Amino acid sequence: MKFKTVYKCQSCGQESAKWLGQCPGCGEWNTLAEEVEASGRAKAGERRSLTEFSSGTVKLAESGCLDEARIKTGLSELDRLLGEGLIRGQMVLLAGAPGIGKSTLMMQIAGALAKDKPLLYVTGEESVAQVGSRAARLKVASDNIYLLSETDLSKIAESYRKIKPAFMIIDSIQTVFHPELAGSSGTVGQIRESASELLRMCKPDGTVLFVLGHVTKDGGLAGPKVLEHIVDTVLYFDTERYSFLRMLRAHKNRFGPTDELGIFRMTETGLSPVDDASGYFATASRTADLCGRAYTVAMEGTRPIFTEVQVLVTPTRYPFPQRMATGVDLNRCRILLAAIEKHLGISLESRDVFINLPGGLKVKDPALDLAVCAAVISSAREIPLPHDAVFIGETGILGQISQAAWLSARLKEAGRLGLGSAYIPRPAGGSELQTGALSLIILEELEGLMRRIDTFSRKRSSAAD
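These figures come from a predicted structure and were not determined experimentally.

Colleague: What's the story with the overall build of the protein chain in this structure? I'm lost.
Modeller: Looking only at helices and strands, the protein chain has eleven helices and 21 strands in total. Each of the 465 residues in the protein chain was classed as buried or not, and the buried ones make up 47%. In the protein chain, once contacts between residues fewer than 6 apart in sequence are set aside, the share between residues at least 24 apart is 67%. Of the roughly 23000 Å² of accessible surface on the protein chain, 50% is carried by carbon and sulfur atoms.

Shown next as structure tokens:
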């Protein structure tokens, strides 16, 4: 059989006879990768479909539905992220930076899933002894866990057919190679075909398959984009390796939500779920009023997370003032700073502004706008904000404060933590809010926010006198 070299786009699959900087199909840059494939027209039966569980044409009413009990992973945060557990035959792709805890998480899951059913753990990066050492450190011990150190897909398939596991873990997909294909492991063609073969192998048997993947320097999954389309669920560790907490997000989930956030704490005995996230993100003392600190409640899916916004406004030593943001969108912060300068007359052109969400949390919730503005005003004018106040609302470029989604859930979380007052926009349609002991202060524009902050300064001056 003759072989030829082609260049295939990792994003759209467009083929080219030579390497190009930009894909002519989708327009993406530097996505064409070299692949070796058989030349000539394929004979009948040589081409394989992606899946081997096709069906005839049936009516929708006769199609039935999946009504199976969910399989718990033993980690509450992961179960909630997946949609209360796993489904038989589900293929899950877990991606993250090296050393962030992918293998640790998989070993903990293996210990929970293998209590009464066999599990095959395939590693291509470590020896069996190394995996056994990790299991001993995590206190995972089960006679239903089978270890295999192998990268040849044919030998992996042989072990699979021999053991017939209910669960299988591949660590990682970049190390697996298909013996019938040219090219080394980790190339685009090898990753795509190996993942497809694993899918064809596990889906008909209802085997739950976990596939671990590496990420590139830009934070994206290494390998072809089609890999994300093959699997049922794509999970990303959305945090840095040395962060105090580990954030796990679902970028794709056929059997559950994609807007939830799983939070874990790395300990000596593995990843520990963080059920009360609000207790981890308000790191500073809540018994003192501080300049530049405003409390708020962010929403991640249906989960309210109490956190704080820290802002430092300081005179600049550079020709152009610096604008830096950690945990929030920098461009959004620049818009808010421009609105503050325009509508409140606070000059920031000769000052650096640093905005931070502590604890490694990354949020795109627009309801944090009001807290950012309050913290900026507080730091710029050196007026401490109350330690028992929460600021919730979206701020526009015209200085107006708009409605925030899930406002009742946010206020309920703030009341649970013992806060006294909430600065919010006017509820839409005159809807009633369950506030508990919280006192509500309605704000409609930034001028009203600054007047309220000025009253904090006058109260402190009166108390001092």
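On we go from here.
Colleague: Just checking my understanding: could you explain the sheet that holds strand β10 (residues 245–253) for this structure?
Modeller: The strands making up a sheet associate through backbone hydrogen bonding, with each pair oriented either parallel or antiparallel. Taken in spatial order, the nine strands of this open sheet run β6-β5-β7-β8-β4-β9-β10-β11-β12, and their pairing is mixed. Both edges of this open sheet fall to β6 (145–149) and β12 (270–273), since each of them pairs with a single strand only. The average undirected angle you get between the axes of adjacent strands in this sheet is 25°. For strand β4 (residues 91–95) and strand β9 (residues 233–237), the ladder comprises four bridges, and the chain directions are parallel. Counterpart to Leu-93 in the pairing with β9 is Val-234. Contacting β4, β7 (167–171) and β8 (208–213), helix α5 (residues 188–202) runs over the sheet at an angle of about 170° to β7.

Colleague: How should the packing of helix α8 (residues 330–344) against helix α9 (residues 369–381) be read in this particular structure?
Modeller: A pair of packed helices can be characterised by two numbers: the angle between their axes and the separation between those axes. Running from N to C, α8 and α9 point in directions that differ by 55°, and their axes come no closer than 10 Å. It follows that α8 is oblique to α9 by the angle criterion. Note that α8 runs across α9; the crossing there is right-handed. Each of Arg-332, Leu-336, Leu-337, Ile-340 and Leu-344 in α8 lies in contact with α9, whose residues at this interface are Asp-369, Val-372, Cys-373, Val-376 and Ile-377.

Colleague: Mind showing me how you'd approach the pairing of β7 here?
Modeller: A regular strand carries its side chains on alternate faces of the sheet. Burial within β7 is extensive, with five of its five residues counted as buried. Residues Phe-167, Ile-169 and Asp-171 line one face of β7 and the alternating positions Met-168 and Ile-170 line the opposite face, and both faces are buried. Here strand β5 (residues 119–123) runs beside β7; their pairing, made up of five bridges, is parallel. Of the residues in β7, the one forming a bridge with Leu-120 is Met-168.

Colleague: How should I be thinking about the side chain of Glu-228 in this particular structure?
Modeller: Looking at where Glu-228 falls in the secondary structure, it is placed in helix α6 (residues 226–230). Judged by its relative accessible area of 16%, Glu-228 falls in the buried class.

Colleague: I'm lost on the packing of aromatic side chains in this one. Help?
Modeller: Aromatic ring pairs are described here by two measures, namely the spacing of the ring centres and the angle between the planes. The tally for this structure, following the rule as stated, stands at three aromatic pairs. Here the aromatic rings of Phe-391 and Tyr-423 are separated by 4.9 Å at their centres, their planes lie at 15°, and the arrangement is stacked. Taken together, the positions of Phe-391 in strand β17 (residues 389–391) and Tyr-423 in strand β20 (residues 421–424) put the pair 32 residues apart, joining distant regions of the chain. Taken together, a centroid distance of 6.1 Å and an interplanar angle of 85° make the contact between Tyr-423 and Phe-456 edge-to-face. Of the two residues, Tyr-423 sits in strand β20 while Phe-456 sits in helix α11 (residues 446–464), which places them 33 residues apart along the sequence. Judged by relative accessible area, Tyr-423 falls into the buried class, the value being 5%. One aromatic cluster in this structure is built from Phe-391, Tyr-423 and Phe-456.

Colleague: Would you take a moment to explain the packing of helix α2 (residues 102–113) against helix α3 (residues 128–137) for this structure?
Modeller: At their nearest, the axes of α2 and α3 sit 10 Å apart, and the two run at 70° to each other. Of the possible angle classes, the one that applies to α2 and α3 is roughly perpendicular. In this structure, the crossing between α2 and α3 has a hand that is right-handed. Each of Ser-103, Thr-104 and Met-107 in α2 lies in contact with α3, whose residues at this interface are Val-131, Arg-134, Ala-135 and Arg-137. Residue classes in the contact of α2 with α3 are distributed as three nonpolar, two polar and two charged.

Colleague: I keep staring at unusual backbone geometry and nothing clicks. Help me out?
Modeller: Negative phi characterises most residues that are not glycine, and trans characterises most peptide bonds. Following Asp-171, the chain continues into Ser-172 via a peptide bond in cis, with omega recorded as 0°. Positive phi values are uncommon outside glycine, yet Glu-84 reaches one of about 70°. Its place among the elements puts Glu-84 in the loop between α1 (76–82) and β4. The phi torsion at Lys-164 lies on the positive side, around 55°, for a residue other than glycine. Mapped onto the secondary structure, Lys-164 falls in the loop between α4 (153–163) and β7. Given a relative accessible area of 63%, Lys-164 falls into the exposed group.

Colleague: When you look at α4 in this model, what are you seeing that I'm missing?
Modeller: Residues lying three or four places apart along an α-helix face the same way, a consequence of the helix completing one turn every 3.6 residues. Along α4, the residues classified as buried are Leu-153, Ile-156, Ala-157, Ser-159 and Tyr-160. Take α4 and look down its axis: the buried residues cluster within an arc of 160°, on one side only. Counted as exposed and oriented over 90 degrees from the buried face of α4: Glu-158, Arg-161 and Lys-162. On its buried face, α4 sits against β5, β6, β7 and α5. Positive backbone phi, at 55°, marks Lys-164, one or two positions downstream of α4.

What counts and what doesn't
- Residues numbered from 1 in each chain as written.
- Predicted model: local features only at pLDDT ≥ 70, side-chain atom pairs only at ≥ 80, totals over all residues.
- Heavy atoms only, no water.
- Helix = DSSP H or I, 4+ residues; strand = E, 2+ residues; numbered from the N terminus.
- Buried < 20%, exposed > 50% of the residue type's maximum accessible area, 1.4 Å probe, protein only.
- Contact = heavy atoms within 4.5 Å.
- Areas by Shrake-Rupley, 256 points an atom, 1.4 Å probe, with all protein chains shown as cover.
- Pairing = 2+ DSSP bridges.
- Axes fitted to C-alpha atoms, helices over the stretch in contact; angles between N-to-C directions.
- Parallel < 35°, antiparallel > 145°, perpendicular 65-115°, else oblique.
- Left-handed = near helix turned anticlockwise from the far one by under 90°.
- Phe/Tyr/Trp six-rings, centres within 6.5 Å; stacked < 30°, edge-to-face > 60°.
- Nonpolar A, V, L, I, M, F, W, Y, C, P; charged D, E, K, R; others polar.
- Arc of directions from axis to C-beta.

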